[in-house]
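An overview of the molecular structure
For reference, the chains in residue letters:
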Amino acid sequence: MKVLKIISAICLFAVLSACASGDISTRRTEAYSIAYKAGFSPFKLRSQLFGFNGFYKQGKESRYPVVYIEGDGFAWIDRYTISPNPTPRNPLALKLAVQDSGTTIFYLARPCQYVDLKKEPYCKNAYWTNARFAAEVIDSFDQAFTLIKKKTKNEGFHLVGFSGGGAIATLLAAKRTDIKSIRTIAGNLDHVSLNAYRKVSALNGSLNPMNIVGDIQAIPQIHYSGSEDKVVPQWIATNFLRKANNANCMSTHLVSGAAHMQGWEEAWSLLHRQYPEC
């Protein structure tokens, strides 16, 4: 009986492992399917620490490509359990990127998403939990953008960031001089206040966009919030703009009926054509 129990346990573990592996494979397959159907091609970049995966479509003119930055992905299984792999189950930024009618569009996943984690020595789970916006993460994005610029010979970038990707976009813009505009969708622009409000652990290893708002206030920006978003409420974007105090370049836009992960695909079919201006 003990032997049978041990064998059963081993079999159950194998099945669960296969399911977990298959789930990651399914996530990758879904992303590639979304991209290929829209005529996007895959690409990979290597920063000093991380490998980046993404998709792009490139037209004849690529002076200012639009770069979409993914959200935090599958970071937590539940409130107390860290996910073993942050690859998104719903790659919303990718779904928005493929709607963009612009000439040249890039989609960039976050570090440790869509990669073989066994081959990424720096992919510790801190980089999709408390250190998701760490200085070295922003430096890695900076390196990735420099590589894209070198390859495409463009002059600058328009940034679109979903959720945590919105934080990345703003923090990255503070490091570069070639960012032409920023648009965030349910952007986590003040994780310190947000996590305190939600009574969850602080992201102690991360930079906070609220601290660099003065460095980017002259860059044209629109920060979109969903009226039904309980994850990143509208007041986050409102407080961000209030601190910047530059209504000439920065604005918020409330999308009626949109929640954190719902409603954006429908809204973005029109909203993506609206670029911020000063």
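All values reported here derive from a predicted model rather than from experimental measurement. (Residues numbered from 1 in each chain as written. Predicted model: local features only at pLDDT ≥ 70, side-chain atom pairs only at ≥ 80, totals over all residues. Heavy atoms only, no water.)

What follows concerns the pairing of strand β7 (residues 157-162). A large share of β7 lies buried, amounting to six of its six residues. Side chains Phe157, Leu159 and Gly161 of β7 all project onto a buried face; the interleaved residues His158, Val160 and Phe162 project onto the opposite face, where all are buried too. What joins β7 to strand β8 (residues 179-185) is helix α4 (residues 164-173), and the crossover it makes is right-handed. (Buried < 20%, exposed > 50% of the residue type's maximum accessible area, 1.4 Å probe, protein only. Helix = DSSP H or I, 4+ residues; strand = E, 2+ residues; numbered from the N terminus. Right-handed = clockwise from strand over helix to strand, strands pointing away.)

In this section: unusual backbone geometry. Glycine aside, a negative phi is what most residues show, and trans is what most peptide bonds show. Backbone geometry at Tyr114 places phi at a positive 65°, although glycine is not the residue there. Although it is not a glycine, Ser163 sits at a positive phi angle of roughly 55°. Mapped onto the elements, Ser163 comes out in the loop between β7 and α4. A residue is classified by how much of its surface remains accessible, and Ser163, at 9% relative accessible area, is buried.

Buried residues dominate strand β9 (residues 221-226), accounting for six of its six residues. Side-chain alternation along β9 places Gln221, His223 and Ser225 on one buried face and Ile222, Tyr224 and Gly226 on a second face that is also buried. When β8 meets β9, the two strands line up parallel, connected through four bridges. If you follow Ile182 over to β9, its bridge partner there is Gln221. Here six bridges tie β9 to strand β10 (residues 250-255), and the two strands are oriented parallel to one another. Looking at the pairing, Gln221 lines up with Met250 of β10. (Pairing = 2+ DSSP bridges.)

Considering all chains together, one arrives at one cavity of 30 Å³ or more under this definition. Volume-wise, the largest cavity comes out at about 60 Å³. In terms of lining residues, the largest cavity is bounded by Asp72, Pro86, Arg110, Pro111, Gln113, Tyr127, Trp128 and Arg132. Class assignment for the residues of the lining of the largest cavity results in four nonpolar, one polar and three charged. (1 Å grid on protein atoms, 1.4 Å probe; cavity = no way out; pocket = protein on both sides within 12 Å on 5 of 7 lines; lining within 4 Å. Points joined across faces, edges and corners; volume = space filled by probe spheres on them. Nonpolar A, V, L, I, M, F, W, Y, C, P; charged D, E, K, R; others polar.)

Applying the stated criterion to the full structure yields nine salt bridges. With a shortest N-O distance of 2.8 Å, Arg27 and Asp23 are connected by a salt bridge. Placement of the pair is Arg27 and Asp23 together in helix α1 (residues 2-37), with a separation of four residues, close to one helical turn. Residue classification places Arg27 among the buried residues on the basis of a relative accessible area of 5%. (Salt bridge = Lys/Arg side-chain N within 4 Å of Asp/Glu carboxyl O.)

Taking 1.5 Å of rise per residue, 18 residues should cover 26 Å, and helix α3 (residues 135-152) covers 26 Å from first to last C-alpha, within 8% of that figure. When α3 is considered as a whole, its buried residues turn out to be Val137, Ile138, Ser140, Phe141, Asp142, Ala144, Phe145, Ile148 and Thr152. In this structure, the buried residues of α3 make contact with β1 (41-46), β2 (51-57), β3 (66-69), β6 (105-108), β7 and α4. With its phi angle positive at about 55°, Lys153 sits one or two positions after the end of α3. (Expected span 1.5 Å × (residues − 1). Contact = heavy atoms within 4.5 Å.)

Interpretation in functional terms is not warranted from these geometric data alone.
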